[in-house]
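# Structural features, examined
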Amino acid sequence: MKKRIFIAIHYMELGGAEMSLIGLLHALDYSRFDVDLMIYSHRGELMEMIPPMVNLLPEVPKYAQIECPIKQVLKDGYWRIAIARLKAKWQYRRYAREHHPKDGSAIFQYVDNAVRPHLPSLHHLGCYDLAISFLTPHGIVLDKVQAKAKAAWIHTDYKTIDTNAELEHPVWSGYDHIAAVSEEAAKAFLSIHPTLSNKIVVVENILSSVFIRERAKSIETSILEKEMPREPGEIILLSVGRYTAAKNYDNVPDICRMMQSEGIKVKWYIIGFGGDEALIRQQISAQGMEDNVILLGKRANPYPYMQRCDIYV
């Protein structure tokens, strides 16, 4: 009999974790595994890349409210979830006043803990051989899904974010396996949660080279030349990722200015989206790098841009 795998993720917007999941789904042997994929909110450019062999579970309305604007949650009539999210915000603000975090990453566990009691059980789906929570926070899969074994993924360098380790620890410790996408990510995580070393495994992102090369050819050269023009003697750099503190893109304009001052002709393009966009644009203006650091915004397919650049950063 085939093994049954359950995988959960919030949405399929453009992002490293979401792209990593696409790679994993394309790599699985469907003659050996039946895969149920639960996406809390069926949205995002990467939805179309989900392989047809995957059983995409229907959207559960209450789960879709986890990251909707609270006004919309109230409008849709889910007032218990709205109140829970407001409670989580209040709890996080109390924590932030005392600990002065450098980013807002800790809030996700507060939201998870507050909202989870109001979400329906998923036990009707049966018992899986493996349940995977692919993106933090991980309390939902731990509490709502039946499985013989459970695994939670780490996609972030824990040295670059602030979390409430005491609040998170019971969730992480409930999993059989904690999968880090690199040795460095594993080390950073264990510097915060050293007692979980027996659970940690490294599972590097899986992306098919054939899939990437096919995608890299799918945009006309004339479009790329217009979006990433190249001047004689100029070096083209490219980065792809969310506009968040962990990516450090707000320092790119200063780095670019220093290279320019050394006589290196460079243009640095950044594909992505996120809450730090205004900060990055502010830094571009402050460093006078409007012609050298260009935010391209969202691109469902970044691979043609990677192929065109000189150096991917």
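A brief look at the structure comes next. (Residues numbered from 1 in each chain as written. Predicted model: local features only at pLDDT ≥ 70, side-chain atom pairs only at ≥ 80, totals over all residues. Heavy atoms only, no water.)

## Comments concerning a positive patch on the surface
Judged by side-chain charge, K89, R93, R94 and R97 come together as a positively charged surface patch. K89 sits in the partly exposed class, given a relative accessible area of 36%. (Patch = residues over 30% accessible without salt bridge, like charges linked within 9 Å, V, L, I, M, F, W, Y side chains within 5 Å. Areas by Shrake-Rupley, 256 points an atom, 1.4 Å probe, with all protein chains shown as cover. Salt bridge = Lys/Arg side-chain N within 4 Å of Asp/Glu carboxyl O. Lys, Arg positive; Asp, Glu negative; His and termini not counted. Charge placed at Lys NZ, Arg CZ, Asp CG, Glu CD. Buried < 20%, exposed > 50% of the residue type's maximum accessible area, 1.4 Å probe, protein only.)

## Quick notes on a nonpolar patch on the surface
Taken together, the side chains of I235, I264, I311 and V313 make up a nonpolar region of the molecular surface, amounting to roughly 300 Å² of accessible area. Checked against the element boundaries, I311 lands in strand β13 (residues 311-312). Using a relative accessible area of 43% as the deciding quantity, one classes I311 as partly exposed. (Helix = DSSP H or I, 4+ residues; strand = E, 2+ residues; numbered from the N terminus.)

## What to know about the pattern of salt bridges
Scanning the model with the defined rule gives 16 salt bridges in all. K267 is the salt-bridge partner of E234, the closest N and O atoms lying 3.8 Å from each other. Within this pair, whereas E234 is found in the loop between α10 (221-227) and β10 (235-240), its partner K267 is found in strand β11 (residues 266-271), the two being separated by 33 residues in sequence. On the basis of relative accessible area, E234 is assigned to the buried category, the value being 9%. Using a relative accessible area of 10% as the deciding quantity, one classes K267 as buried. What emerges from the salt-bridge pattern is a single network uniting E13, R43, E45 and K298.

## Thoughts on the nonpolar core
With 45 residues, the main nonpolar core has F6, Y40, Y63, V141, I154, W172 and F189 as its most contacted residues. At 7 residues, the largest contribution of residues to this core is made by helix α4 (residues 79-99). Non-local contacts of Y63, meaning those with residues more than four positions away in its chain, are made with M38, Y40, L119, P120, L122, I140 and K144. Membership of the second largest hydrophobic core comes to 31 residues, among which are L14, A17, I132 and A151. (Core = buried A, V, L, I, M, F, W, Y, C linked by side-chain atoms within 4.5 Å. Contact = heavy atoms within 4.5 Å.)

## With respect to unusual backbone geometry
Omega for the bond connecting T136 with P137 falls within 30 degrees of zero, at 0°, which places this linkage in the cis form. With respect to the helices, strands and loops of the structure, P137 is situated in the loop between β5 (130-133) and α6 (139-144). Its identity as a non-glycine residue notwithstanding, H100 has a phi of 50°, on the positive side. Within the fold, H100 resides in the loop between α4 and α5 (107-115). Notably, N248 is not glycine yet its phi reads approximately 65°, a positive angle. Counting through the fold element by element, N248 comes out in the loop between β10 and α11 (252-261).

## Quick look at the environment of D157
Mapping D157 onto the fold places it in the loop between β7 (150-154) and α7 (165-173). Judged by its relative accessible area of 28%, D157 is partly exposed. Measuring from C-alpha to C-alpha, the distance between D157 and Y128 comes to 29 Å, with 29 residues separating the pair along the chain. A polar side-chain atom of D157 sits 2.9 Å from the main-chain amide nitrogen of K159. (Polar contact = N/O pair within 3.5 Å; in protein donor to acceptor, adjacent residues only side chain to side chain.)

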